[in-house]
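Residue-level structure breakdown
Listed here are the chains, written in short residue letters.
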Amino acid sequence: MIAKLLILIARGWQKGPSQILPPSCRYQPSCSAYAITAIQRYGAARGGWLALKRIMRCHPWGGQGYDPVPQVEDHK
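Residues numbered from 1 in each chain as written. Predicted model: local features only at pLDDT ≥ 70, side-chain atom pairs only at ≥ 80, totals over all residues. Heavy atoms only, no water.

Digging into the confidence of the model for the protein
Note the cut-off: Within a predicted model, pLDDT stands for the predictor's per-residue confidence, ranging from 0 to 100. Working definition: helices are DSSP H or I runs of at least four residues, strands are E runs of at least two. Numbering for both runs from the N terminus.
For the protein, per-residue confidence averages 91 on the pLDDT scale, and 95% of positions sit at 70 or higher. Of all helices and strands in the protein, the one with the weakest mean pLDDT is helix α2 (residues 17-20) (90), whereas helix α3 (residues 31-57) scores best (96).

Now the structure itself:
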């Protein structure tokens, strides 16, 4: 239930503010796509934590480039 709500919020961002604001993604996939994948793969708690950590890295002094959601065996 919580996972579905978090995914709905991310999809709302993709269809709303993200369409109006200029593109500024530093990572590929975008933070919202990353969040959706992480929550689908790991559930609300762990996936939400991964998404939050990704969003916290997204700033002018952070990294950039390809940063996929870790595979199940990669994340321990």
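Past the structure itself, the notes keep going.
Let's talk about the environment of Ile 9
Assignment of secondary structure puts Ile 9 in helix α1 (residues 2-15). On a C-alpha basis, the gap between Ile 9 and Leu 50 in space is 16 Å, while along the polypeptide they are 41 residues apart.

A look at the side chain of Arg 54
Short version of the rule: Whether two residues touch is decided by their heavy atoms; if any such pair falls within 4.5 Å, the residues are in contact.
Among the secondary structure elements, Arg 54 is positioned in helix α3. In contact with Arg 54, not counting residues within four places along its chain, are Tyr 27, Gln 28, Pro 29, Ser 30, Cys 31, Tyr 34 and Asp 67.

Things to note about the packing of aromatic side chains
What counts, and what does not: Two aromatic rings, drawn from Phe, Tyr or Trp (for Trp, its six-membered ring), form a pair once their centres lie within 6.5 Å of each other, and the interplanar angle then sorts them: stacked below 30 degrees, edge-to-face above 60, tilted otherwise. In this analysis the charged atom, NZ for Lys or CZ for Arg, is taken to sit over a ring once it is within 6 Å of the ring centre and within 35 degrees of the ring normal.
All told, the structure shown has zero aromatic pairs when counted by the stated rule. Above the ring of Tyr 27, the side-chain terminus of Arg 57 is found at 5.7 Å from the ring centroid.

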